[in-house]
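# Survey of secondary and tertiary structure
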Amino acid sequence: PVTGGTLASANSVVTVTSTDVVGFKLYVRSLTSTDMDNQGAIIPTSANAQLSPGALAVNTWGYNTNGSSNYSGMTLSDFEVKSVTGPASSGDVTTFKYGINVDLAKPAGNYATSVIYTAVPQTD
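Residues numbered from 1 in each chain as written. Predicted model: local features only at pLDDT ≥ 70, side-chain atom pairs only at ≥ 80, totals over all residues. Heavy atoms only, no water.

Glancing now at unusual backbone geometry. Even without a glycine there, the phi angle at Q39 is positive, about 50°. Along the chain, Q39 turns up in the loop between β3 (36-38) and β4 (41-43). For Q39, a relative accessible area of 82% puts it in the exposed group. Although it is not a glycine, N59 adopts a positive phi angle of roughly 65°. Looking at the secondary structure, you find N59 in the loop between β4 and β5 (60-64). Looking at N59, the relative accessible area reads 13%, which means it is buried. (Helix = DSSP H or I, 4+ residues; strand = E, 2+ residues; numbered from the N terminus. Buried < 20%, exposed > 50% of the residue type's maximum accessible area, 1.4 Å probe, protein only.)

As structure tokens, then:
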């Protein structure tokens, strides 16, 4: 990291396989906290709204599903990221790109949080 922040990113691939003829919806949320924690040192999620992604402020993290350099902050409530109609018997793939922008103010270490992906069959 440098004084003005350094951006790093990595991907997480979610594959949903379903025989539901109507389709499914894919949701994402944080489990218990939107902060990344390193033994008490935290990096909060971005303040960028789900529908208004943007650049990450220094010492924040976020995600997107379009592979861009704009990120949204994670929430504690389920957020629909995808709606698929028809079966996905061969598997429907969604790539989540996670980004973090940190500077020298944050201590070195492993920062972690839990993210939940939920696929729900559509009923209408």
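Another aspect to go through is the packing of aromatic side chains. Within this structure, the stated rule accounts for 5 aromatic pairs. Here the aromatic rings of Y63 and F96 are separated by 6.1 Å at their centres, their planes lie at 40°, and the arrangement is tilted. Placement of the pair is Y63 in strand β5 and F96 in strand β7 (residues 88-102), with a sequence separation of 33 residues. Ring geometry for Y63 against Y98: centres 6.3 Å apart, planes inclined by 40°, an arrangement best described as tilted. Linking Y63 in strand β5 with Y98 in strand β7, this pair joins segments that are 35 residues apart in sequence. For the pair Y63 and Y98, one class covers both residues: buried. By the ring-pair criterion, three or more aromatic residues cluster together here, those being W61, Y63, F96, Y98 and Y117. (Phe/Tyr/Trp six-rings, centres within 6.5 Å; stacked < 30°, edge-to-face > 60°.)

With that settled, consider the sheet that holds strand β8 (residues 115-121). Sheets are built from strands paired through backbone hydrogen bonds, the pairs being either parallel or antiparallel. Read across the open sheet, the 3 strands follow the order β6-β2-β8; overall the sheet is antiparallel. Because the sheet does not close on itself, it has two edges, and the strands there are β6 (79-85) and β8. Shown here is a sheet whose adjacent strand axes are inclined to one another by a mean of 15°, direction ignored. Bridge analysis of strand β2 (residues 23-30) against β8 gives 7 bridges, and the strand direction is antiparallel. Residue pairing across strands places K25 opposite V120, the latter belonging to β8. (Pairing = 2+ DSSP bridges. Axes fitted to C-alpha atoms, helices over the stretch in contact; angles between N-to-C directions.)

Here the focus is the environment of M36. Assignment of secondary structure puts M36 in strand β3. For M36 and S72, which are 36 residues apart along the polypeptide, the C-alpha to C-alpha distance reads 15 Å.

This next bit is on the nonpolar core. Ranked by internal contacts, the top residues of the largest apolar core, which has 18 residues, are I43, W61, F96 and Y98. If you list the elements that add at least two residues to this core, you get β1 (6-18), β2, β4, β5 and β7. In terms of residue count, β7 provides more of this core than any other element does, 5 residues in total. (Core = buried A, V, L, I, M, F, W, Y, C linked by side-chain atoms within 4.5 Å.)

Turning our attention to the pattern of salt bridges. Considering all chains together, one arrives at 3 salt bridges under this definition. In this structure, R29 engages D78 in a salt bridge whose closest nitrogen and oxygen atoms are separated by 3.3 Å. Residue R29 is found in strand β2, and its partner D78 is found in the loop between β5 and β6; the two are separated by 49 residues along the sequence. With a relative accessible area of 22%, R29 lands in the partly exposed category. Linking D92 and K82 is a salt bridge whose minimum nitrogen-to-oxygen distance equals 2.7 Å. With D92 in strand β7 and K82 in strand β6, this residue pair connects regions lying 10 residues apart in the sequence. (Salt bridge = Lys/Arg side-chain N within 4 Å of Asp/Glu carboxyl O.)

Nothing here speaks to function; it is all geometry.
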